[in-house]
Amino acid sequence: MLRSPRSVVAEFIRGLFDADGHAGDQGAILTTTSEELSETVLLLLTNFDILGRRREQTDGCYHVHLTGKSAHTFADEIGFGYPEKADALRAYLDDLSWFQAEEWTDEIVSIAESTGTVYDISVEETHRYAGAGVINHNSYWESTMMTDEAFAGDDEFLNYADHMAKVLASGGLNPYSLGMELWEYVENTTNRREVLEALLRVEGISWRNLVDVVDFDDVLERLEPPAAIETITPETLDALGEVSDEWVDHEAVEKARAGEINVSNYPWKVLTETGLARRHYSLVKRQHRGFLGRVNQNELERIGRYLFDDARYASIEEALDDVDFTAGWNRMFDVRESHNDVTFLDEFLTQEFITENNYFTYEHSQATGQFHVASDAAEDVKKKLLLQFTNFGKPTIAVYDGNYNNANELLLGHQYNGVMLDLEQATETLKRIFELWGRPVNLLTIVKEVDEHDIEVAKRRNREPEPEEQGKLIRYNGQTVTTEDVPWEEVEHLAADDVDYDTKPDEWLA
């Protein structure tokens, strides 16, 4: 029989509390002489949304305290194996009329500046690891450093490339792959616009004829970094004197000559920021060389029509000499400061990106009983992704009446945005709310229903049946759960006219 990692962790914690724990008027308490174990237990408990507190005792032991809501969660999710301890914990919980409020934040007491050792960690299989409870993973800049700047040596590169490929190529919707591709898209579109604006300022070139008169292969060849920048070794330092001073840090070059900088391992240290961007210019990378030529006429017209005529060039060569090679990087840094997950997806998940990277939505077919592709339109893909972030991906439930039916019953309403509630989870939630409210709890929601006859007709016609939205009232009275249909006018106020992504917390807004 297979067991989930969560159940294994729960059993481990339960064993510790059974051996060295007790329950009383201060909740559940684990006693240990090991400081490291007490810290580990606190970290493991957070996986169950349990907030513990550690106190050092005069005898040198450490007490891990679980009180209030966390003690209740502990009893439900983990519990004591010994009946007498479980009964003591339940007695403590029964004495609480309201669970104590818990804050998952703490005040910063002081900030100290210092230096320390930095470690580069690569973990097999999952490629994600927990450091002090924080999940770490690979990133866009890590890839740039490890591959483009050869932080991974000759004996490490293939190993790193294999690890990175596994991270970015895992099945399903891979957030790491999506994030990496979006950052590359931001960089590429910014650099492409910079080049196109320069080309559209060349005499005789307009948005109407640019594709016909410009050789994009020739443009990319001219955008290639100079050989002196692309290949930097101790033997080629003199060649840096032949390139633009804008790209070379001559003081660093002298240090490299004196042996103070190891350019074999860190060639980028003799370049300026502009020179480094020139060295890693995205449009000339092998995997992106077709990006410049994929521009469509609508994009060219949009750029050309609103292009200020503040500079003109006599030739393509002259125009490309004025290209800002840092534009893509600068844009990424700006986006990093001004966007969150929601606004990042909302702005950059364009039709071009979705088409080029083969993203689509899928749904379960009532007719065939299988999953199928539903849409590859940007609006649909974006909507499905953003709904995962709306209100942290959780449904929004509001209180509508504290004296429902004039019987002190609680009436809740699910703010429906096209996504149904998980009715099983909703029912369990109502039971928990009943424990707090002490009276029957009601929940209004909207569900999608398909008639069995419509399913059979759809199968014969090889199409998908149209679901009908139906209002439901779910009620828990402390003993039984009932569900009944309600007229549409009773739930109409719950339905959104369109998906509203601004139901996310205000602090998420840029």
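For the structure itself, look to the data block above.
The structure reproduced in this document is the subject of the present report. Owing to the predicted nature of the structure, the values given are computational and were not obtained by experimental measurement.

1. Considerations on the nonpolar core
Ranked by size, the top nonpolar core spans 64 residues in total, and within it Val-195, Leu-199, Leu-210, Val-219, Val-270 and Leu-349 carry the most contacts. Ranked by the residues each element gives to this core, the list is headed by helix H7 (residues 175–199), at 8 residues. With residues near it in sequence (within four places) discarded, Leu-349 still touches Leu-178, Leu-182, Phe-344, Ile-354, Ala-378, Val-381, Lys-382 and Leu-385. Counting residues in each nonpolar core, the second largest holds 22 residues, with Ala-23, Leu-30, Leu-44 and Leu-66 among its members.

2. Quick look at the pairing of strand E4 (residues 62–66)
The buried count for E4 comes to 5 of 5 residues, which makes it a mostly enclosed element. Residues Tyr-62, Val-64 and Leu-66 point to one face of E4 and His-63 and His-65 to the other, with burial holding for every one of them. Here strand E2 (residues 27–32) pairs with E4 via 5 bridges, running antiparallel. By the bridge assignment for E4, Thr-31 is matched with His-63.

3. As for the packing of helix H3 (residues 68–77) against helix H4 (residues 83–94)
In helix packing, the relevant descriptors are the interaxial angle and the interaxial distance, both defined with respect to the helix axes. Where H3 contacts H4, the axes come no closer than 10 Å and their chain directions differ by 140°. The orientation of H3 relative to H4 falls into the category oblique. Read as a crossing pair, H3 and H4 show a hand that is left-handed. Taken together, the residues of H4 that come into contact with H3 (itself represented by Gly-68, Ala-71, His-72, Phe-74, Ala-75 and Asp-76) are Leu-89, Arg-90, Tyr-92 and Leu-93. When its residues are assigned to classes, the contact of H3 with H4 shows 6 nonpolar, 2 polar and 2 charged.

4. Some details on the sheet that holds E2
What holds strands together in a sheet is hydrogen bonding between their backbones, with the strands either parallel or antiparallel. As summarised here, the arrangement of the 4 strands in space is E1-E2-E4-E3, forming an open sheet in which the pairing is antiparallel. Each edge of the open sheet carries a strand with a single partner, namely strand E1 (21–24) and strand E3 (53–56). Each strand of the sheet is rotated relative to its neighbour by a mean of 25°, with strand direction disregarded. Across the sheet, H4 lies against E1 and E2, angled at about 35° from E1, the strand it touches most.

5. Brief notes about the environment of Gly-478
Relative to the helices and strands, Gly-478 resides in the loop between strand E12 (468–476) and strand E13 (481–486). Classification of Gly-478 as partly exposed rests on a relative accessible area of 28%. Sequence separation between Gly-478 and Gly-438 is 40 residues, and the spatial gap between their C-alpha atoms is 8.3 Å.

6. A word on a negative patch on the surface
A contiguous patch of negative charge on the surface is contributed by Asp-451, Glu-452, Asp-454, Glu-468 and Glu-469. Going through the elements one at a time, helix H20 (452–460) and E12 are the ones with two or more residues in the negative patch. Looking at the secondary structure, you find Glu-468 in strand E12. Under the relative-accessibility criterion, Glu-468 is labelled exposed at 54%.

7. A word on the packing of aromatic side chains
Taken as a whole and assessed by the stated rule, the structure comprises 11 aromatic pairs. With a centroid separation of 6.5 Å and 85° between ring planes, the pair formed by Trp-247 and Phe-325 is classed as edge-to-face. Highlighted residues: Trp-247 in the loop between helix H10 (227–230) and helix H11 (250–257) and Phe-325 in the loop between helix H14 (316–320) and helix H15 (327–338), separated in sequence by 78 residues. Grouping residues by exposure puts Trp-247 and Phe-325 together as buried. Pairwise contacts between aromatic rings join Tyr-185, Phe-291, Phe-353 and Tyr-359 into one cluster. Residue placement shows Lys-269 over the ring face of Tyr-266; its charged tip is 4.7 Å from the ring centre. Taking the ring centre of Phe-325 as reference, the NZ or CZ of Arg-278 above it sits at 4.0 Å.

Calculation criteria
- Sequence order as written defines residue numbering, which begins from 1 separately in each chain.
- pLDDT decides what is reported in this predicted model: residues at 70 or higher carry local features, side-chain atom pairs at 80 or more are listed and counted, and totals for whole chains, interfaces and linings draw on all residues regardless.
- Side-chain numbers come from the whole structure's heavy atoms, not from hydrogens or water.
- Put simply, buried Ala, Val, Leu, Ile, Met, Phe, Trp, Tyr and Cys residues joined by side-chain atoms within 4.5 Å make one nonpolar core.
- Relative accessibility decides the category of a residue: with a 1.4 Å probe and only protein chains considered, values under 20% of the type maximum give buried, values over 50% give exposed, and everything between is partly exposed.
- A helix here means a DSSP run of H or I that spans at least four residues, while a strand means a run of E at least two residues long, and both kinds are numbered starting from the N terminus.
- Here a residue-residue contact requires only that any non-hydrogen atoms of the pair lie within 4.5 Å.
- Two strands qualify as a pair provided DSSP detects at least 2 bridges between them.
- Under this scheme, a helix contributes an axis fitted over its contacting stretch, all axes are lines through C-alpha atoms, and angles between N-to-C directions fall in the 0 to 180 degree range.
- We call two directions roughly parallel when the angle between them is under 35 degrees, roughly antiparallel when it is over 145, roughly perpendicular when it lies between 65 and 115, and oblique otherwise.
- Crossings are assigned a handedness: left-handed for a near helix turned anticlockwise from the far helix by less than a right angle, right-handed for a clockwise turn.
- Gly is put with the polar residues, along with every residue not named as nonpolar or charged; the nonpolar set is Ala, Val, Leu, Ile, Met, Phe, Trp, Tyr, Cys and Pro, and the charged set is Asp, Glu, Lys and Arg.
- Think of a patch as exposed residues, more than 30% relative accessible area, with no salt bridge, where like charges cluster within 9 Å and nonpolar side chains (Val, Leu, Ile, Met, Phe, Trp, Tyr) cluster within 5 Å.
- Shrake-Rupley sampling with a 1.4 Å probe provides the accessible areas, and residues are treated as covered by the protein chains on show and by no other component.
- We define a salt bridge as a side-chain nitrogen of Lys or Arg found within 4 Å of a carboxyl oxygen belonging to Asp or Glu.
- For the purpose of counting charges, residues Lys and Arg are taken to be positive, whereas Asp and Glu are taken to be negative. His and the chain ends are not included.
- For the purpose of locating charges, the reference atoms are NZ of Lys, CZ of Arg, CG of Asp and CD of Glu.
- Here a pair means two rings of Phe, Tyr or Trp (six-membered ring of Trp) with centres within 6.5 Å. Their orientation is stacked below 30 degrees between planes, edge-to-face above 60, and tilted elsewhere.
- Cation placement over rings: the criterion is NZ of Lys or CZ of Arg within 6 Å of the ring centroid and within 35° of the ring normal.

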